[in-house]
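Analysis of the macromolecular model
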Amino acid sequence: MAKPLITSKPLPKIAELPVLGMDAGSIIKDFRRYFSHTLGRDKLSESAYYVYTSLSFALRDRLVERWKKTQQAYDEQNCKRTYYLSLEFLMGRALGNAMLNLEVEPSIAGALKKLGLELEEIIDQEHDAGLGNGGLGRLAACFLDSCATLQLPVRGYGLRYEYGMFRQKIDNGYQLEEPDHWLRNGNPWEIERPEHSVLVKFGGKTEHHKQPDGTMRVYWKFTNDVMAVPYDVPVPGYHNGTVNTLRLWKSTATEVFDLDEFNKGSYADAVEAKNTAEHITMVLYPNDSSENGKELRLRQQYFLASSSLQDVLRSWVKKHGNDFSGFADKNFFQLNDTHPTCAVPELMRLLMDEHGLDWDAAWSITTRTVAYTNHTLLPEALERWQVNLFGRLLPRLLEIIHEINARFIAMVAQRWPGDIDRQIRMSIIEEGQDQYIRMAYMAVVASVSVNGVAELHSRLLTQHLFRDFYELWPEKFNNKTNGVTSRRWLVSSNPALSNLITRTIGDDWITEMTRLKELVPHADNAAFRAEWREIKQANKVRLAEMVQRDCGITFDTNALFDVQVKRIHEYKRQLLNVLHVIHLYDRIKRGDTMDWTPRCVLIGGKAAPGYMMAKRTIKLVNAVAQMVNNDPDAAGLLKLAFLPNYRVSAMEVICAGTDLSEQISTAGKEASGTGNMKFMMNGALTVGTLDGANIEIREEAGDENFFLFGLTAEEVEATRGHYDPSAIVASDDDLRRVMHLLESRHFNLFEPGIFDLIIQSITSPGDPWLTAADFRSYIDAQQKVATAYRDTERWTRMSIINTATSGKFSSDRTILDYNRDIWHLPQIAAKPVNGK
């Protein structure tokens with residue numbers, strides 16, 4: 001760790017330099033200097049990556065100027081700050097985002113063209129940051145964008161994974177996982193801050209000592225320490241000069257190299273500590289099907305919580321010493337899902353063991369500064385840790401958790417005397433043959449606010465998952481419907497449509513998305529509809545080119561582009577989508593093609609490495625695609641493709657070129673969804689269940705602009721216990737024919753048995769996803785889709801209305817809701833740099 005510069009005098013003003021120019025000439029001059037002098041390249045350089053890196057450095061310099069001004073403004077006003085803790089931040093590419101927010105993209109593109117360089121090709125050199133997997137991480141990224149745009153003092157805290165989840169390849173239809181070494185060439189946007197490194201403890205044991213004043217002091221000793229080194233990434237706001245911070249922690253050994261072991265010839269042992277420490281931030285979401293995998297996941301979660309909290313407390317102590325009386329008025333921690341919940345006992349430990357507060361004072365601070373966002377209703381996705389494992393890794397935290405639980409259960413007993421069943425249900429410690437810590441329960445107990453992420457999700461939390469807690473603390477629970485940022489998901493990813501909107505209603509909509517409603521009257525303008533269609537067609541051409549390149553399949557851009565891209569999971573029901581494709585294929589083979597709507601179906605997403613059913617679903621998609629795409633009877637009528645390695649940069653192309661958005665999860669299972677919002681924003685129509693944010697999307701767009709199907713959440717619950725999918729299959733000729741094709745091995749002639757688990761899941765009375773139950777309703781809705789798409793003017797009008805009514809689903813609105821109800825932060829504008 002770097003030592004601070006020690007001086008008794010003020011430091012020389014070495015950081016005060018002339019303001020950097022924002023004109024294209026100044027930026028290109030710096031770009032050329034970085035390329036030539038910093039990176040040592042010349043005209044013979046064969047790697048375009050150095051061009052990308054040089055341009056990134058030149059733009060990062062401009063961000064750093066505004067970054068420092070922003071932090072100075074926060075410090076000068078001594079404002080309250082929120083810290084957003086998340087295991088994922090799916091940021092996407094940074095170069096285009098930086099140019100957009102700095103207002104320099106058009107001028108830079110023109111200047112580069114004079115040098116014989118194409119900006120789009122340079123942008124394509126950037127690897128997607130491997131810091132997230134799905135909607136949780138992308139939501140966190142949108143939130144940081146909105147916080148900076150709204151000029152709120154919010155800092156993100158996450159982990160700097162060396163490898164992303166994995167790079168997905170498809171071989172013979174099966175998913176293969178390859179390392180996603182996204183940092184292989186470094187990251188020009190980050191700045192290492194070794195002077196802010198902290199130690200994180202694992203293992204060891206605790207000792208309790210009575211102090212001279214009679215109080216007890218706990219010491220966590222004989223620990224295996226890991227160094228947490230921060231790397232800061234700038235997060236610029238839109239056209240406002242604000243640049244917030246995403247701080248990512250890298251794990252390293254306290255002693256990188258054991259010279260004695262090396263000199264003895266034990267070369268592997270000499271670097272064992274280094275390798276063990278670096279495992280923590282090596283890979284995003286390691287496979288936790290093994291005990292070692294579970295332990296590594298827990299290490300990751302605690303490492304994030306401890307390093308982040310130590311960082312915040314160190315800043316406080318530097319200014320205020322150990323006086324924490326005003327801490328809760330100036331600091332707030334938002335837990336993005338259950339993963340960072342170790343922050344609760346860790347904050348208690350730091351306040352008590354490191355800073356000398358008693359239990360009551362520490363608990364008062366914790367319960368006024370922590371808030372919890374829940375993102376799932378699935379019990380298996382709520383973090384549960386075996387007590388033995390937790391105690392071995394984090395013995396001091398386990399003691400604190402037991403004390404939190406004891407005091408909490410005493411409160412429950414006082415509120416409901418003699419209700420032992422309720423005490424057992426609500427206990428943070430789940431009893432049984434093996435004891436488990438229910439981290440979600442601990443988050444609820446300690447948090448001042450608990451929110452869901454869509455109206456239905458929040459209601460179901462209070463009615464089912466956290467019902468007992470809601471009865472105890474109804475005032476804690478609230479809803480904050482998710483949103484996405486229009487800057488990336490419309491302005492950047494769909495510039496032609498963005499320009500049309502701006503020409504029509506002005507550009508205020510970019511930061512006030514409710515202004516999009518001003519488009520509604522234009523839906524009745526034939527010329528406007530024609531231009532809208534023209535833009536959609538151009539975007540479909542771009543998407544078709546990507547499908548051709550990545551899948552080797554040709555999509556007809558005049559066909560309906562029917563898209564489902566998201567994490568592969570049974571509750572998201574990619575399987576139901578495939579059954580519909582098989583149904584369409586069966587119709588084609590039977591000659592039932594009158595009034596046919598040509599359709600190109602695109603499915604994409606990653607399955608967790610240990611999730612066998614999800615991986616087998618990918619195989620089914622590819623097997624059906626192989627059959628359909630090579631059958632001459634289906635030519636011009638139906639295509640199916642599975643897009644490998646779905647990622648943010650791919651979605652930027654996909655959402656702009658999609659006609660139909662598939663949001664078909666089992667009702668009551670999807671917390672919110674954010675892909676549904678991105679598609680709606682870009683004018684795609686939705687076919688979906690009344691699940692997650694679909695309900696609110698339908699309310700905003702209107703019933704007539706949404707294709708609804710399926711059971712409601714209440715009907716899903718009512719079906720439990722007397723569900724008979726075999727009877728459903730027998731009574732539905734279309735489903736019976738689909739199942740016959742599956743059961744007859746039509747799609748796996750040479751791999752018998754590979755889809756037996758899928759067939760069994762559809763026909764099992766215990767199928768929690770109720771695939772067969774929703775099949776008929778889904779098929780009927782899809783027929784309505786096909787009919788509507790053939791009416792070009794009607795479809796275009798529906799598309800315009802979807803975009804026009806998507807304003808509610810801006811992450812700016814969501815963040816304003818968080819700030820109004822939970823965070824209570826001031827909006828602070830930094831002093832301008834060179835007028836911008």
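The rules behind these values
Residues numbered from 1 in each chain as written. Predicted model: local features only at pLDDT ≥ 70, side-chain atom pairs only at ≥ 80, totals over all residues. Heavy atoms only, no water. Helix = DSSP H or I, 4+ residues; strand = E, 2+ residues; numbered from the N terminus. Rg over C-alpha atoms; globule rule 2.2 N^0.38 Å. Buried < 20%, exposed > 50% of the residue type's maximum accessible area, 1.4 Å probe, protein only. Contact = heavy atoms within 4.5 Å. Lys, Arg positive; Asp, Glu negative; His and termini not counted. Charge placed at Lys NZ, Arg CZ, Asp CG, Glu CD. Expected span 1.5 Å × (residues − 1). 1 Å grid on protein atoms, 1.4 Å probe; cavity = no way out; pocket = protein on both sides within 12 Å on 5 of 7 lines; lining within 4 Å. Points joined across faces, edges and corners; volume = space filled by probe spheres on them. Nonpolar A, V, L, I, M, F, W, Y, C, P; charged D, E, K, R; others polar. Pairing = 2+ DSSP bridges. Axes fitted to C-alpha atoms, helices over the stretch in contact; angles between N-to-C directions.

Comments concerning the overall build of the protein chain
In terms of regular secondary structure, the protein chain is built from 34 helices and 23 strands. Over its C-alpha trace the protein chain gives a radius of gyration of 28 Å, about what one expects of a compact globule, namely 28 Å for 836 residues. Put simply, the protein chain has 836 residues, and 60% of those count as buried. Taking the contacts inside the protein chain whose residues are at least 6 apart along the sequence as the reference set, 77% of them involve residues at least 24 apart. Separation between the mean location of the 97 positive side-chain charges and that of the 108 negative ones in the protein chain comes to 4 Å.

Comments concerning helix α33 (residues 792-804)
With 13 residues, α33 extends 18 Å between its outermost C-alpha atoms, agreeing within 8% with the 18 Å of an ideal straight helix rising 1.5 Å per residue. Taken together, the buried positions of α33 are occupied by Trp 795, Thr 796, Met 798, Ser 799, Ile 800, Ile 801, Asn 802, Thr 803 and Ala 804.

Some words on unusual backbone geometry
Positive phi values are uncommon outside glycine, yet Asn 172 reaches one of about 55°. Within the element layout of this structure, Asn 172 appears in the loop between β3 (167-171) and β4 (174-178). The backbone of His 824 sits at a positive phi, close to 60°, despite the residue not being glycine. In this structure His 824 comes out as partly exposed when scored by relative accessible area, which is 48%.

Some thoughts on empty space enclosed by the protein
Within this structure, the stated rule accounts for four cavities of 30 Å³ or more. For the largest cavity, the lining is made up of 29 residues, of which Met 91, Gly 92, Arg 93, Ala 94 and Val 233 are closest to its centre. Of all elements in the fold, only α2 (49-77), α3 (95-102), α6 (135-149), β9 (224-236) and α20 (486-492) reach the threshold of two or more residues within the lining of the largest cavity. A per-element tally of the lining of the largest cavity places β9 first, with four residues. Considered class by class, the residues forming the lining of the largest cavity number 17 nonpolar, six polar and six charged. Its boundaries defined by the atoms lining it, the second largest cavity holds a volume of some 130 Å³. Surrounding the second largest cavity, 13 residues form its lining, Glu 570, Leu 575, Met 613, Thr 617 and Trp 769 being those nearest its centre. Looking at the lining of the second largest cavity, the elements that each hand over two or more residues are α23 (574-589) and α24 (612-629). Partitioning the lining of the second largest cavity into residue classes produces five nonpolar, five polar and three charged.

Here's the deal with the sheet that holds strand β19 (residues 599-604)
Strand order in the open sheet formed by six strands is β20-β19-β18-β21-β22-β23, with parallel pairing between adjacent strands. This sheet does not close on itself; its edge strands, each paired only once, are β20 (638-643) and β23 (707-708). In the sheet, strand β18 (residues 560-565) pairs with strand β21 (residues 660-663) via two bridges, with the strands oriented parallel. Within β21, the residue paired with Asp 562 across the bridge is Leu 660. Together, β18, β19 and β20 form the strand contacts of helix α25 (residues 648-657), whose direction differs from that of β18 by roughly 140°.

Let's talk about the sheet that holds strand β13 (residues 384-386)
Spatially, β13-β15-β14 is the arrangement adopted by the three strands of the open sheet, whose pairing is antiparallel. Every other strand in the sheet has two partners, leaving β13 and β14 (429-430) as the edge strands with one partner each. Two strands pair when backbone bridges link them, and β13 and strand β15 (residues 436-438) are joined in this way by three bridges, in the antiparallel orientation. Within β15, the position partnered with Arg 384 by the bridge is Arg 438. Relative to β15, helix α17 (residues 439-446) is tilted by about 40°, and along the sheet it contacts β13 and β15.

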